[in-house]
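Residues per chain, in single letters:
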Amino acid sequence: MVPTPRWFFPSPSRYDRAVYPSPFYNELFIRKQVDAADKVTVTITDAKGAKMALLTDCNEGGQVDIHYTDALNLSPGVYMVNICVNGKDNVYKVIKVKR
C-alpha cells in the first residue's frame, strides 16, 4: 500500500474553526456540529474568569450556530468561549481588539 502524501490533506481554514474570527472587534461566530439530542450551553468569560455571557439551549437540531453581536460591548483582551456539550467542555481562546 502506498502512503498518502502529507500535502493531500487540506489545511484547516477559518471556516473549520468552531469560534471565529480571532482577533475580533464587534462580533463572534460560534458554530459546532452536535447530535440533535445533546444539551449545549455556551459561556464567554474574560481572562480572570468573570462570566460575560451565558447562552443556554444552543442546540438547534444538531447544530450550534450563534452570531454573537454583543462583542462590541466587551473590553479589548483575551476571552474564553466554552461550548459545553452534555457536560464536556470545549474551550476556545479568542482575542478582542479595539479599533
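Here we summarise the structure given alongside this text. Each chain carries its own residue numbering, running from 1 in the direction its sequence is written. Selection of residues for local features in this predicted model requires a pLDDT of at least 70, selection of side-chain atom pairs for listing and counting requires 80 or more, and totals for whole chains, interfaces and linings are taken over all residues. In computing side-chain properties, one takes all heavy atoms of the structure into account and sets aside hydrogens as well as water.

### Some words on the pairing of strand β3 (residues 40-46)
Turning to step 1, where the next piece is worked out: Note on classification: 1.4 Å probe, protein chains only; a residue is buried when its accessible area is under 20% of the maximum for its type, exposed when over 50%, partly exposed between these limits. Helix and strand assignments follow DSSP, with helices taken as H or I runs no shorter than four residues and strands as E runs no shorter than two, numbered in order from the N terminus. In terms of burial, β3 is a largely internal element, 7 of the 7 residues being buried.
Turning to step 2, where the next piece is worked out: Of the two faces of β3, the one carrying V40, V42, I44 and D46 and the one carrying T41, T43 and T45 are both buried.
Turning to step 3, where the next piece is worked out: Two strands make a pair as long as DSSP finds a minimum of two bridges between them. In this sheet, strand β6 (residues 77-85) lies alongside β3 in antiparallel orientation, the contact comprising 7 bridges. Among the inter-strand pairings, I44 is bridged to a residue of β6, identified as V81.

### Observations regarding the pattern of salt bridges
Turning to step 1, where the next piece is worked out: Think of a salt bridge as a Lys or Arg side-chain nitrogen and an Asp or Glu carboxyl oxygen that are within 4 Å of each other. Tallied over the entire structure, the rule returns 1 salt bridge.
Turning to step 2, where the next piece is worked out: The salt bridge involving D65 is made with R31; its shortest N-O contact spans 2.6 Å. Residue D65 is found in strand β5 (residues 63-68), and its partner R31 is found in strand β2 (residues 28-33); the two are separated by 34 residues along the sequence.
Turning to step 3, where the next piece is worked out: Judged by its relative accessible area of 48%, D65 falls in the partly exposed class.

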